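Residue-level structure breakdown
Below, each chain spelled out in residue letters.
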Amino acid sequence: MRTPAAAGAAGGGRLIRRPNLSLLADRCATPRALARVHAAMLVSGRLADDAFAASRLLAAYAALSPSPAAAAVALLSSLPCAPNSFMLNTTLRALASSPDPAAAFPFFSRLRATGALAPGRHTLPALLKAAARLPLPLRVSEQLHALAVRHGFHHDAYVANGLVRAYAVAGRLCAARRVFDEAPHRKANVYTTLVSAYAQSGRHGDAIAAFDEMVAAGFEPGGAALASVLSACARSASGGLQMGRRVHDLMEARGMTAPVGAILGTALVDMYTKNGAIQEAVAVFDGMPERVPATWNALISGLAHHGHGERALAMFQRMLREGVRPNATTFVGALTACCHAGLLDEARQLFRSMEKDFGVAPGIQHYGCMVDLLGRAGLLKEAEEMIRGMTCEADTVIWGALLTACKNHGYLEIAERAVEEMLTLDPTNHGVYVVLSNMYAEAGRWRDVNRLRKVMKGARLSKIPGASTVSSDGSREQTGKVPV
């Protein structure tokens with residue numbers, strides 16, 4: 001006996017397929033579209049006998065609704081069947097990933113109070129993910145840790161991974177490491193989380209050591225672990241290049257560079273350029289079939305920082321020829337190249353083209369590069385005018401760059417105004433008095449020297465070691481106050 005669908009096909013009719021409503025729910029981009037899919041599920045009876053369809057609908061509502069928890073609870077109460085743990089955990093994961101991750105906690109508390117859902121190996125990772133996304137994650141993470149211990153899930157690999165991530169985000173790397181060390185059954189994802197946590201926290205040596213542990217334990221590092229350890233190698237105080245080459249060799253041995261993808265390729269270029277291995281960086285760059293703007297930025301900035309200003313600008317032009325649109329970071333690299341090569345006219349042209357041709361508003365780093373170039377050229381009035389005309393707020397760093405240029409060129413009038421602006425922004429920056437006093441002394445203005453010394457003595461100011469500067473790439477580096 002033929003079904004109606006088969007009969008229709010045999011009779012030359014069109015075969016009508018039922019739409020995959022679960023898939024449609026996942027693809028909805030607006031609450032209105034989701035409501036239509038919901039209505040279709042009700043009419044077709046899918047919600048009564050398909051837990052998976054109900055779970056996808058719950059996840060979609062949690063992701064799209066302005067009030068995710070309320071929407072999830074309302075939908076759960078309207079289901080024709082009692083929600084099972086799969087539906088509830090799906091909803092919990094969706095809430096944890098929603099724009100309002102805090103909504104996951106009252107939702108879980110309500111379910112726990114009614115006995116509908118207990119803490120478990122599927123529930124706790126979702127809650128820990130939500131905790132890691134909170135503005136202040138530590139207290140909630142500690143409470144969830146205690147809950148995991150109480151219910152015997154703290155040694156579960158997925159729960160341990162969530163705890164490591166949550167503690168790392170909260171800045172408690174010692175606690176994260178303790179959870180890792182106490183986990184009896186570690187998986188690759190726990191190692192990856194630890195490597196990433198160390199790298200993102202600036203503990204580059206620890207990130208490299210954790211990666212070595214991962215490989216020695218026989219785990220295959222994935223893209224996230226490789227990108228994290230390469231980032232650590234790029235910023236490590238020592239041994240970064242050697243380790244980065246080892247990671248590159250590992251990738252080649254496992255067929256991950258034939259060809260290399262955009263993310264890992266960019267990480268390799270960044271690692272090589274930051275370690276000064278320009279030739280190897282260019283070789284990786286040229287071998288990449290796909291390059292994203294970050295790839296170009298890594299190479300342009302690397303060339304600029306290592307004194308290859310003209311090559312960096314040539315790479316910038318190649319980027320434009322290949323139709324890749326530059327962003328704010330690209331222009332910092334290109335302007336840095338101009339600084340290193342002393343190309344003021346080219347820098348002016350680049351700076352003008354940023355907003356005019358590419359819609360990129362100049363930021364403090366771009367202005368810092370221009371002030372540095374103008375200061376080196378002795379164009380101090382133009383540098384001051386540029387600072388006063390900035391579209392973003394000037395700070396002591398950029399005024400300090402102007403003051404340094406005034407000191408180098410002996411331009412007292414602008415130096416006095418720069419000092420005034422710096423003290424307005426930071427009255428504790430006492431070192432500027434000494435800089436200005438030294439400039440007065442070099443100009444033979446001893447009356448002003450004595451006046452400033454009285455000011456310093458009256459305020460009981462002392463010499464403060466360190467410096468506050470803008471480097472030639474416009475980056476904001478501060479190791480103390482203006483040198484005295």
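Read on for a plain summary of the structure. Quick caveat, the model's predicted, so the values are computed rather than measured. (Residues numbered from 1 in each chain as written. Predicted model: local features only at pLDDT ≥ 70, side-chain atom pairs only at ≥ 80, totals over all residues. Heavy atoms only, no water.)

What follows deals with the packing of helix α25 (residues 396-409) against helix α27 (residues 431-442). Between α25 and α27, whose axes approach to 10 Å, the crossing angle comes to 20°. As judged from the angle between their axes, α25 and α27 are roughly parallel. Crossing hand, α25 versus α27: left-handed. Here L403, C406 and K407 of α25 lie close against α27, whose contacting residues are V432, V435 and M439. Looking at the contact of α25 with α27, its residues break down into 5 nonpolar, no polar and 1 charged. (Axes fitted to C-alpha atoms, helices over the stretch in contact; angles between N-to-C directions. Helix = DSSP H or I, 4+ residues; strand = E, 2+ residues; numbered from the N terminus. Parallel < 35°, antiparallel > 145°, perpendicular 65-115°, else oblique. Left-handed = near helix turned anticlockwise from the far one by under 90°. Contact = heavy atoms within 4.5 Å. Nonpolar A, V, L, I, M, F, W, Y, C, P; charged D, E, K, R; others polar.)

Moving on, we get to the packing of aromatic side chains. In this structure the tally under the stated criterion is 6 aromatic pairs. Aromatic pair Y191 and F219: ring centres 5.2 Å apart, planes at 45°, arrangement tilted. In this pair, Y191 is assigned in helix α13 (residues 188-200) and F219 in the loop between α14 (204-216) and α15 (223-235), connecting sequence segments 28 residues apart. With 5.6 Å between their ring centres and 55° between their planes, F331 and F358 make a pair best called tilted. Linking F331 in helix α21 (residues 328-341) with F358 in helix α22 (residues 344-358), this pair joins segments that are 27 residues apart in sequence. For the pair F331 and F358, a shared accessibility class is recorded, and that class is buried. Members of the aromatic cluster, joined through ring pairs, are F180, Y191 and F219. Sitting over the ring of F180, R186 keeps its end group 4.4 Å from the ring centre. One Lys or Arg, R291, reaches over the ring of F285 and ends 4.3 Å from the middle of that ring. (Phe/Tyr/Trp six-rings, centres within 6.5 Å; stacked < 30°, edge-to-face > 60°. Buried < 20%, exposed > 50% of the residue type's maximum accessible area, 1.4 Å probe, protein only. Lys NZ or Arg CZ within 6 Å of the ring centre and 35° of its normal.)

This part is about empty space enclosed by the protein. Under the counting rule described, the total for this entry stands at 1 cavity of 30 Å³ or more. Quantified by volume, the largest cavity comes out at close to 40 Å³. Each residue belonging to the lining of the largest cavity can be placed in one class, and the counts come to 3 nonpolar, 3 polar and 1 charged. (1 Å grid on protein atoms, 1.4 Å probe; cavity = no way out; pocket = protein on both sides within 12 Å on 5 of 7 lines; lining within 4 Å. Points joined across faces, edges and corners; volume = space filled by probe spheres on them.)

Across the interface, helix α11 (residues 157-169) lies against α13 with an axial gap of 9 Å and an inter-helix angle of 5°. When the axis of α11 is compared with that of α13, the two are roughly parallel. Residue-level inspection shows A157, Y158, N161, V164, R165 and A168 of α11 in contact with α13, the latter providing N189, V190, T193, L194 and A197.

Within the fold, N89 resides in helix α7 (residues 85-97). Ignoring anything within four residues of it in the chain, the contact list for N89 reads L117, H122 and T123.

So, on to α11. Taking 1.5 Å of rise per residue, 13 residues should cover 18 Å, and α11 covers 18 Å from first to last C-alpha, within 8% of that figure. Judged by how many residues are buried, α11 sits mostly within the fold: 10 of 13 residues are covered. Listed in full, the buried residues belonging to α11 are A157, V159, A160, N161, G162, L163, V164, A166, Y167 and A168. For α11, the side-chain oxygen to backbone nitrogen distance between the N-cap and Y158 is 2.9 Å, and the N-cap itself is D156. (Expected span 1.5 Å × (residues − 1). Polar contact = N/O pair within 3.5 Å; in protein donor to acceptor, adjacent residues only side chain to side chain.)

Next up on the list: the pattern of salt bridges. Summed over all chains, the structure comprises 23 salt bridges. D345 is the salt-bridge partner of R348, the closest N and O atoms lying 3.8 Å from each other. Linking R348 with D345, this pair stays in helix α22, spanning 3 residues, or about one helical turn. When its relative accessible area of 21% is taken as the criterion, R348 is described as partly exposed. The closest approach of N and O atoms between E416 and R445, which form a salt bridge, is 3.4 Å. Residue E416 is found in helix α26 (residues 412-425), and its partner R445 is found in the loop between α27 and α28 (446-458); the two are separated by 29 residues along the sequence. Judged by relative accessible area, E416 falls into the partly exposed class, the value being 28%. Of the residues examined, R445 reaches a relative accessible area of 33% and is grouped as partly exposed. Linked through salt bridges whose partners overlap, the residues forming this network are E384, R388, E413, R417 and E421. (Salt bridge = Lys/Arg side-chain N within 4 Å of Asp/Glu carboxyl O.)

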